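Tertiary structure, described
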Amino acid sequence: MAGRMMALLPRWSSRVFAVELDGAPFYFAVQESHLGEEAPRVFRKTQPRDRCYSLLVCSKDRIKTARFYGELEHKLLRELPPECDLSPMSSFLPNVRDSLIKGYFLKDSSEGSSPVERLLGDLTQREPVMVCSYCKGEDGQQWTQHVWSHGGSKVMEVAKKYYVVPSEAPEYHPSALNMINSDVFYSLEEARDVLQKCGDIIPEAMSVLELLPSRAEARNKPDFPVIVIEGLDATGKTTLTESLRETLGATLLRSPPQCLSPWRDRFDQEPPLIRRAFYALGNYITAEQMGQEGKKTPVIVDRFWHSTAAYAIATAASGPVCNLPEEGSEVYCWPSDLLQPSLVVLLTLDPEERKRRLRNRGQGKTNEEQELDHNQLFRLRVEEAYRRISGPACVSVDASPSADQVLQQVLLLIRGKCHL
Ligand SMILES: Nc1ncnc2c1ncn2[C@@H]1O[C@H](COP(=O)(O)OP(=O)(O)OP(=O)(O)O)[C@@H](O)[C@H]1O
Ligand SMILES: Nc1ccn([C@H]2C[C@H](O)[C@@H](COP(=O)(O)O)O2)c(=O)n1
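Residues numbered from 1 in each chain as written. Chains lettered and ligands numbered in written order. Predicted model: local features only at pLDDT ≥ 70, side-chain atom pairs only at ≥ 80, totals over all residues. Heavy atoms only, no water.

For the protein chain, the assigned domains are domain 1 (1–176) and domain 2 (182–418). Once you take the C-alpha centre of each, domain 1 and domain 2 turn out to be 37 Å apart. Counting residues at the interface gives 10 residues for domain 1, matched by 20 residues for domain 2. In terms of surface lost to domain 2, no three residues of domain 1 exceed Arg62, Ile63 and Arg67, which account for 49% of the buried area on that side. Of the charged contacts, one joins Arg97 and Glu330 as a salt bridge, the two residues approaching to 3.7 Å between their closest N and O atoms. Applying the counting criterion to the domain 1 and domain 2 interface returns 2 residue pairs in polar contact (both at pLDDT 80 or more). Here the residues of the side of domain 1 that touches domain 2 sort into 4 nonpolar, 2 polar and 4 charged. (Domains from an automatic or database assignment. Contact = heavy atoms within 4.5 Å. Buried area = accessible area lost by both parts, 1.4 Å probe. Salt bridge = Lys/Arg side-chain N within 4 Å of Asp/Glu carboxyl O. Polar contact = N/O pair within 3.5 Å; in protein donor to acceptor, adjacent residues only side chain to side chain. Nonpolar A, V, L, I, M, F, W, Y, C, P; charged D, E, K, R; others polar.)

Structure, rendered in structure tokens:
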């Protein structure tokens, strides 16, 4: 397995490894010769009896890789002894697109014999996982990385050994390397391709594919304006979109569209690659409805591509806002085959007022909505990603005044921009 894995991951010694401990990344690299380097910080934090391992998930089949990454975490949490700490880890070639592979860093602090090596040896044999163990040299400083292989009847053997050295933080956060067409989709074709490839493991994907337009056409502009209302949950989108529908005699649409409701929960359980492709496809179905309805009346849309992209980007990146792809990055560009609304309004709200509204409403929340509550950094990343998306960019409106005042404010914008 290690030989096959190494072929999938060429330039091993040009790779940087990032271990995330308590939300902060620790970087290291490997090299073939011993140059007397000091130990990287992640290893300096270990105790003498700790044994360290890395597991990186990769195969040529990206659906299999994405699904197995999630399953692996559950398997490890279930089967590892309680003295083991599991942290997210990744490996990448700095500034090389699509070079990021994800995995876990494992620290085993148990005393005496531990089942960890047998479990990892088993994984190496059966699954698309590359396992490495890390050993401290006799000088007490130099650490080495041992890439595992399975050798016939033996559970595992070491295929290759490298010296572990500290590495600088990369210029750009590594999560940005794989976002395009893995977290955010820029064409109907790319998103459809993902669902087509998982049809045999997720039968519901076939039902979704049947609802798709045969092709997307961004240039067929509707006669009437199309206005999208965006914002985090409980910022007042439903309240505002319903008032706009009444006031303007408009048609109200949403993304994901009603016809995808039976499968939304199912796709919410899938890893980002599949889940985000599902939401991206929802936008194309809504766009077709916008085109149809926009021939007859103005159209108001509750969430559209800004939501799909902003949540996807903010989830793929971790940590503070500076980890997002830089402003102006192609990640924030509107898909060329997706209908562009006449106006996108982003409702913004003070976090405390938003929580108050959520409490008053008292409905169940999706995992991502709960994350918005618990994780301030995630909320800040979503809000900033919304603001960075262009073509069309969103116009922010303060949603803290009364519902009627917000409506009047948005009507002013619509009349200014869309001549209604
Ligand atoms: N301007 C406002 N002032 C005070 N309360 C408001 C205002 N707008 C909406 N609300 C109340 O806040 C709560 C959330 O509003 P609403 O359901 O419209 O938000 P939403 O953005 O559609 O949420 P979600 O995305 O979770 O569906 C509701 O109880 C609603 O009555
Ligand atoms: N066009 C859309 C709409 C929604 N999403 C995702 C983003 C969040 O995870 C969640 C929020 O939706 P809500 O609970 O307010 O219905 O759905 C998306 O990706 N694209």
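There's more to say after this.
Buried residues dominate strand E6 (residues 129–136), accounting for 6 of its 8 residues. Across 6 bridges, strand E3 (residues 51–57) lies against E6 in antiparallel orientation. Paired with Leu55 across the strands is Val131, a residue of E6. (Buried < 20%, exposed > 50% of the residue type's maximum accessible area, 1.4 Å probe, protein only. Helix = DSSP H or I, 4+ residues; strand = E, 2+ residues; numbered from the N terminus. Pairing = 2+ DSSP bridges.)

Let's shift gears to the sheet that holds strand E11 (residues 299–302). Within a sheet, adjacent strands bond to each other through the backbone by hydrogen bonds, running parallel or antiparallel. Sheet architecture is open: 5 strands sit in the order E10-E11-E9-E12-E13, paired in parallel fashion. Sheet topology places strand E10 (251–254) and strand E13 (395–398) at the edges, where each strand pairs with a single neighbour. Between one strand and the next, the sheet's axes are offset by a mean angle of 25°, whatever the strand orientation. Sheet topology places E10 next to E11; 4 bridges connect them, and they run parallel. (Axes fitted to C-alpha atoms, helices over the stretch in contact; angles between N-to-C directions.)

Now for helix H11 (residues 351–361). If you check which residues of H11 are buried, you get Glu353, Arg354 and Leu358. The buried residues of H11 occupy an angular sector of 140° when the element is viewed end-on, so they sit on one face. Facing away from the buried side of H11 by over 90 degrees, the exposed positions are Glu352, Arg359 and Asn360. Note on H11: the residue one or two positions beyond its end, Gly362, has a positive phi of about 60°. (Arc of directions from axis to C-beta.)

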